[in-house]
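Listed here are the chains, written in short residue letters.
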Amino acid sequence: MKKMRIALASMLVAAGITATAGAANFTNCADRLKDVGLFQGTNQGYQLDKAPTRAEASAMLVRLLGKEAEAEKLTYTAPFTDLKGWEKPYVQYLYDNGLANGMSATAYNPNGKCSAQMYTTFLLRALGYSDAKGDFTYAKALDFGEQVGLVDDINCSTKNFLRDNVVAMSLTALDTDVKGSDSILLDKLVADGAVDKTKAASLGAFFADADAFNTAAENTSAESKMAMDMNIKASVKLGTTKLLDMSMPMTVKTDMNLKDLDKSVMAFGGKLNMTIDPSLANGGDTSISQDITGY
């Protein structure tokens, strides 16, 4: 997952995402999912800073498939004996449709952590891809998820996968094409009656704005020449004694390639002017003026 898609970046920036302590905060994504009935949180709120469990991931997958109402009508007959209660309908639906397996013949491990690899596999299945039919393999689920535009360095942390990542990836999935179609998952859920059309309208408009932003950002790669003048100034004091004055007027010109940054070009030229306290010059020059150029 080396490359960061501008589309996802623009979507998450537009969603009002902030970075704190090296981790993203995707509360806005959770709000958008909740608005269309695809995320509920817990009785203690969203708890986005906690690792998702396998049971929580199962419920999320069933909702993204638009099958929660259908699942709630099922009688539990799956062979897993370690489920408490609320998760049974979701696991039953996934079990009946070959979408989830247990950790053994009789254990689902509902409280076990759901990894980035597991959740990516769930989302790929929601998009119509099947590891059972050879569309992808569980071992390479993250790579395939990146290939179809589902997984990105922004929304997915393989080292510390949290409920935060679950909502970001789920929102991304809603704006990802379903296998074999030109329709995104959100449109399919509306067509299936799983998401209210009126509630989905604002989210669809949000996706459209993000896609337009993405297109504009990509097009700037052909209009990326820029020139600017600047003057960097600095001074250093020790108590009341000024030890150094520095100014550096410069002109910087760039030709950026946003799709391949290694092919970007930058040139700069200017002059470094510096005056130092005689006590630091050891009898030498106290003023320096030097041309600076680079390419």
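What counts, and where the lines are drawn
- Residues numbered from 1 in each chain as written.
- Predicted model: local features only at pLDDT ≥ 70, side-chain atom pairs only at ≥ 80, totals over all residues.
- Heavy atoms only, no water.
- Pairing = 2+ DSSP bridges.
- Helix = DSSP H or I, 4+ residues; strand = E, 2+ residues; numbered from the N terminus.
- Axes fitted to C-alpha atoms, helices over the stretch in contact; angles between N-to-C directions.
- Phe/Tyr/Trp six-rings, centres within 6.5 Å; stacked < 30°, edge-to-face > 60°.
- Buried < 20%, exposed > 50% of the residue type's maximum accessible area, 1.4 Å probe, protein only.
- Lys, Arg positive; Asp, Glu negative; His and termini not counted.
- Salt bridge = Lys/Arg side-chain N within 4 Å of Asp/Glu carboxyl O.
- Polar contact = N/O pair within 3.5 Å; in protein donor to acceptor, adjacent residues only side chain to side chain.
- Contact = heavy atoms within 4.5 Å.
- pLDDT = per-residue confidence, 0-100.

**As for the sheet that holds strand β4 (residues 241–255)**
Strand order in the open sheet formed by four strands is β3-β4-β5-β6, with antiparallel pairing between adjacent strands. Whereas interior strands pair on both sides, the edge strands pair on one side only; in this sheet they are β3 (225–238) and β6 (287–294). Neighbour to neighbour, the strand axes of the sheet diverge by 10° on average, direction disregarded. When strand β5 (residues 265–276) meets β6, the two strands line up antiparallel, connected through eight bridges. Note on β6: the bridge partner recorded for Gly270 is Ile292.

**Notes on the packing of aromatic side chains**
Within the structure shown, the criterion is met by eight aromatic pairs. Between Phe39 and Tyr46, the aromatic rings sit 5.6 Å apart at their centres with planes inclined by 50°, giving tilted as the arrangement. Take Phe39 and Tyr46: they sit in the same class, and that class is buried. For the ring pair Phe80 and Tyr108, a centre distance of 5.4 Å and an interplane angle of 55° mean the geometry is tilted. Taken together, the positions of Phe80 in the loop between α4 (68–71) and α5 (88–96) and Tyr108 in the loop between α5 and α6 (116–126) put the pair 28 residues apart, joining distant regions of the chain. Three or more aromatic residues joined by ring pairs form one cluster here, namely Phe80, Tyr95 and Tyr108.

**Comments concerning the side chain of Arg54**
Examined against the element boundaries, Arg54 turns out to sit in helix α3 (residues 54–64). For the buried Arg54, which has no salt bridge, the nearest side chain bearing the opposite charge is Asp82, at an N-O separation of 7.5 Å. Separated by 3.5 Å, the side chain of Arg54 and the backbone oxygen of Asn109 make a polar contact. Beyond its immediate stretch of four places on either side in the chain, Arg54 contacts Asn101, Gly102, Met103, Tyr108, Asn109, Pro110, Gly112, Lys113, Cys114 and Met118.

**Quick notes on the environment of Leu38**
Note that Leu38 resides in the loop between α2 (27–35) and α3. C-alpha of Leu38 to C-alpha of Ala194: the two residues are 156 residues apart in sequence and 9.3 Å apart in space. Not counting the four nearest positions on each side in its chain, Leu38 is found in contact with Leu33, Met60, Arg63, Leu64, Leu174, Leu189 and Val195.

**So, α5**
Taken residue by residue, α5 has Tyr90, Val91, Gln92, Tyr93 and Leu94 as its buried positions. On its buried face, α5 is in contact with α3 and α4.

**What about the confidence of the model for the chain?**
Averaged over all residues, the pLDDT of the chain is 84; the fraction at 70 or higher stands at 88%. Least confident of the elements in the chain is strand β1 (residues 18–20), whose mean pLDDT is 38; most confident is helix α7 (residues 141–147), at 95. Low pLDDT, under 50, characterises residues 1–23; the stretch is placed with 46 contacts to residues that sit more than four places away or in other chains.

**A short note on the pattern of salt bridges**
Side chains carrying opposite charge are able to pair once their charged atoms draw close together. Tallied over the entire structure, the rule returns eight salt bridges. A salt bridge links Lys67 to Glu70; the nearest nitrogen and oxygen atoms lie 3.8 Å apart. The class for Glu70 is partly exposed, based on a relative accessible area of 41%. Lys271 is the partner of Asp291 in a salt bridge, and the nearest nitrogen-oxygen pair spans 2.5 Å. Of the two residues, Asp291 is situated in strand β6 and Lys271 in strand β5; the sequence distance between them amounts to 20 residues. Residue Asp291 is classed as exposed on the basis of its relative accessible area, which comes to 56%. Given the relative accessible area of 31%, Lys271 is considered partly exposed.

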